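Architecture and fold: a report
Below are the chains, spelled out letter by letter.
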Number of protein chains: 2
Amino acid sequence: MILLLKQLELQLSTRPGGRSARVRDAVLEAVHVELVHRGYLGMTVENVADRAGVHKTTVYRRWGTVDVLIADALDRGRDAGWTAPDTGSAEGDLIALAREVVDTFTDPGRSRVPIALVAAALQSGRARQAKRDYYTARHEAAGVIAERAVERGELPPQADPAELARQTCAPLFYRVFVSGEPLDHATADRAARAALAAARAGLF
Amino acid sequence: MILLLKQLELQLSTRPGGRSARVRDAVLEAVHVELVHRGYLGMTVENVADRAGVHKTTVYRRWGTVDVLIADALDRGRDAGWTAPDTGSAEGDLIALAREVVDTFTDPGRSRVPIALVAAALQSGRARQAKRDYYTARHEAAGVIAERAVERGELPPQADPAELARQTCAPLFYRVFVSGEPLDHATADRAARAALAAARAGLF
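Nothing here was measured: the structure is a model prediction, and the numbers come from that model. (Residues numbered from 1 in each chain as written. Chains lettered and ligands numbered in written order. Predicted model: local features only at pLDDT ≥ 70, side-chain atom pairs only at ≥ 80, totals over all residues. Heavy atoms only, no water.)

As for the side chain of A:R166
As for its placement among the helices and strands, A:R166 is situated in helix α9 (residues 162-179). By relative accessible area, A:R166 is classed as buried at 8%. Ignoring anything within four residues of it in the chain, the contact list for A:R166 reads A:H139, A:D160, B:Y174, B:R175 and B:E181. (Helix = DSSP H or I, 4+ residues; strand = E, 2+ residues; numbered from the N terminus. Buried < 20%, exposed > 50% of the residue type's maximum accessible area, 1.4 Å probe, protein only. Contact = heavy atoms within 4.5 Å.)

Here it is in structure tokens:
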């Protein structure tokens, strides 16, 4: 019963209902679909409004630009939450986390979303702030991997539990956005093991 | 004398002389200055032509767009070469390398150049290819850090000598382009030591 109340409370707080919330849901869902289908460069406020079945002046008035639409979609994604893998070992958790990143970026449709976010953040302060908040929330949620490993005695105490997840993901994002090199599961596993070796050495 | 001949050869091969080469030098130098002063979003073919003292139709005919200008400037930067730090130890070399990245990104003027390159590569295939070639050359040049460390007996043999440099730089680029978190020398030193711990564990 308490659980049910908590679920209801969660629903009420994240979906306050009403026309305004329904419009936001429809528009932000359309942002996501448009990003997957057209990518950042092909996105327009008109296309998003069309796909959401909302008049374009409504979208212009409430969001203004594509970058603000992307930022708001990111805020919603952050609120929806994400749970770190829980495989029973730090190595398993980190490999699962790294493969999640690789699987996203090697799927042409899914990769367009994070690529669009980085592109939008390079052009707009509002998108930059949303991206920062999004990754702050992600790092916080991923910190549990290090915390559980410390509890199990797999790792020495970590000054910054998020650093293990950051270091696991960084070489993968580096290949996507900086060097332009390809990604595969071997790259993911190596990044996970490299981060773990540094954490074992007490560097985080 | 042999050295002098080699220098001359190098000059001749990288600066073949003639009006066409002088125009390219002036235009690409102007691209660099415009990037530092205005950033990627503020850059136009007209401003570059003005600063270079070249007619804008010349620039349009030869390069066409801002992205192609940036790609060509990157190609020239790659040809100009870069030398990895040589401090006598792997840790010293990696810390110097990491601090070089941090010093670039914490200088508002200098950081505009690599940020513009990433932005251009997200929008243009030509810039993407130039960026890939640039980082391939950088990784090759940085591989010497691992090779010297193996020779000195500091590290076990490395399957991919470039990986140590990639892993050192990745957490720094991750903060700039993905999480939006700040950089300082402590972050640089930690990234260097983390990569070294993984290399010592034989993971690269």
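Comments concerning the interface of chain A and chain B
Taken residue by residue, the interface counts 33 residues in chain A and 33 residues in chain B. With both sides pooled, the region where chain A packs onto chain B buries about 3,100 Å², and carbon together with sulfur makes up 64% of that total. Counting across the chain A and chain B interface gives six salt bridges. As a salt-bridge pair, A:R190 and B:E163 come within 3.6 Å of each other at their nearest N and O atoms. At the junction of chain A and chain B, the tally comes to 10 residue pairs in polar contact (both at pLDDT 80 or more). The set of elements that each furnish at least two residues to the side of chain A that touches chain B consists of α7 (108-123), α8 (125-151), α9 and α10 (185-200) of chain A. Per-element tally for the side of chain A that touches chain B: the top contributor is α9(A), with 12 residues. (Buried area = accessible area lost by both parts, 1.4 Å probe. Salt bridge = Lys/Arg side-chain N within 4 Å of Asp/Glu carboxyl O. Polar contact = N/O pair within 3.5 Å; in protein donor to acceptor, adjacent residues only side chain to side chain.)

Observations regarding the relation of the copies chain A and chain B
When chain A is fitted to chain B, the best match, at an RMSD of 0.0 Å, comes from turning it 180° and sliding it 0.0 Å along the axis. On this basis, the relationship between the two copies can be described by a two-fold rotation axis. Proximity to the rotation axis, assessed at the C-alpha, singles out A:A170 in chain A; its C-alpha lies 2.7 Å from the axis. A shared binding surface is used by both copies, with 100% of the interface residues of chain A retained as interface residues in chain B. (Least-squares fit on C-alpha atoms with pLDDT ≥ 70 in both.)

Things to note about the packing of aromatic side chains
In this structure the tally under the stated criterion is 14 aromatic pairs over all chains. Residues B:F105 and B:F173 carry aromatic rings whose centres are separated by 5.4 Å and whose planes lie at 80° to one another, so their mutual orientation is edge-to-face. Here B:F105, found in helix α6 (residues 90-105), pairs with B:F173, found in helix α9 (residues 162-179); they are 68 residues apart in sequence, far enough to count as distant. Judged by its relative accessible area of 8%, B:F173 is buried. Where B:F105 meets B:F177, the ring centres are 5.9 Å apart and the plane angle is 90°; that geometry is what we call edge-to-face. On the criterion of sequence distance, the pair formed by B:F105 in helix α6 and B:F177 in helix α9 is long-range, its members being 72 residues apart. Each member of the pair B:F105 and B:F177 is classed as buried. An aromatic cluster is defined as three or more aromatic residues linked by ring pairs; in this entry it consists of A:F105, A:Y134, A:Y135, A:F173, A:F177 and B:Y174. (Phe/Tyr/Trp six-rings, centres within 6.5 Å; stacked < 30°, edge-to-face > 60°.)

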